[in-house]
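So you can see what is in the structure, the chains are spelled out below.
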Amino acid sequence: MADVLIGFDLLDRQILDRDGEPVGKVDDVELALGEDGTPYVAALLVGQQALGDRIGGGFGRWLAGTARRLAPDPARGPIRIPYDLVAELNSAVNLSVSRELLPDPPLETWLRDHLIARIPGARDAG
């Protein structure tokens with residue numbers, strides 16, 4: 001892929017799966033070093049843990065901590081989408097895989113299971 005400006009081309013962009021279904025937003029990125037020492041984007045980080053770590057401060061620590069506590073495996077860290085799954089960058093980040101192959105953010109899962117599911121008729125919406 002061509003050169004990417006992280007703050008302009010990636011951060012806060014909507015992520016769409018191969019069918020155009022929303023996956024989330026790019027909350028942060030993971031960088032790695034190539035064999036020649038050149039940094040490159042290794043993964044997109046998604047979810048409240050990544051966002052909280054990125055924004056910092058008291059609210060950021062609270063957001064990231066809440067997401068960690070709700071995660072099935074808190075040691076796993078934020079949701080990682082390997083950058084090689086990115087098919088195209090335009091007004092959104094388009095992936096080459098279906099959303100079902102990616103994990104759901106833990107805070108959204110908890111809210112869906114413990115709050116939204118208790119709303120009468122919520123399971124019928126669709």
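Owing to the predicted nature of the structure, the values given are computational and were not obtained by experimental measurement.

Considering the overall build of the chain
What the chain contains, in helices and strands, is 4 helices and 7 strands. Listed N to C, the secondary structure of the chain is α-β-β-β-β-α-α-β-β-β-α in terms of helices and strands. Evaluated residue by residue, the chain yields a buried proportion of 36% over its 126 residues. Looking at the chain alone, contacts between residues at least 24 apart form 51% of all its contacts between residues at least 6 apart. Accessible area of the chain: about 7900 Å², with a carbon and sulfur share of 55%.

Quick look at the side chain of Thr66
Among the structural elements, Thr66 can be located in helix α3 (residues 57-70). Polar contacts involving the side chain of Thr66 include one to the main-chain carbonyl oxygen of Trp62, which spans 2.8 Å.

Considerations on the pattern of salt bridges
Taken as a whole and judged by the stated rule, the model has 3 salt bridges. Of the charged contacts, one joins Asp12 and Arg54 as a salt bridge, the two residues approaching to 3.0 Å between their closest N and O atoms. Of this pair, Asp12 sits in the loop between α1 (6-10) and β1 (14-16) while Arg54 sits in helix α2 (residues 48-55), placing them 42 residues apart in sequence. Residue Asp12 is classed as partly exposed on the basis of its relative accessible area of 42%. For Arg18, the salt bridge goes to Asp19, with nearest N and O atoms at 4.0 Å. An identical accessibility class is assigned to Arg18 and Asp19; each is exposed.

Quick look at the sheet that holds strand β3 (residues 28-33)
Sheet architecture is open: 3 strands sit in the order β3-β4-β5, paired in antiparallel fashion. Strands at the two margins of the open sheet, each flanked by one partner only, are β3 and β5 (79-82). Strand-to-strand twist in this sheet, taken as the mean axis angle between neighbours without regard to direction, amounts to 40 degrees. Bridge count between strand β4 (residues 39-46) and β5: 4 bridges; the pairing is antiparallel. Opposite Leu44, over in β5, you have Ile81 as the bridge partner.

Rules used throughout
Residues numbered from 1 in each chain as written. Predicted model: local features only at pLDDT ≥ 70, side-chain atom pairs only at ≥ 80, totals over all residues. Heavy atoms only, no water. Helix = DSSP H or I, 4+ residues; strand = E, 2+ residues; numbered from the N terminus. Buried < 20%, exposed > 50% of the residue type's maximum accessible area, 1.4 Å probe, protein only. Contact = heavy atoms within 4.5 Å. Areas by Shrake-Rupley, 256 points an atom, 1.4 Å probe, with all protein chains shown as cover. Polar contact = N/O pair within 3.5 Å; in protein donor to acceptor, adjacent residues only side chain to side chain. Salt bridge = Lys/Arg side-chain N within 4 Å of Asp/Glu carboxyl O. Pairing = 2+ DSSP bridges. Axes fitted to C-alpha atoms, helices over the stretch in contact; angles between N-to-C directions.

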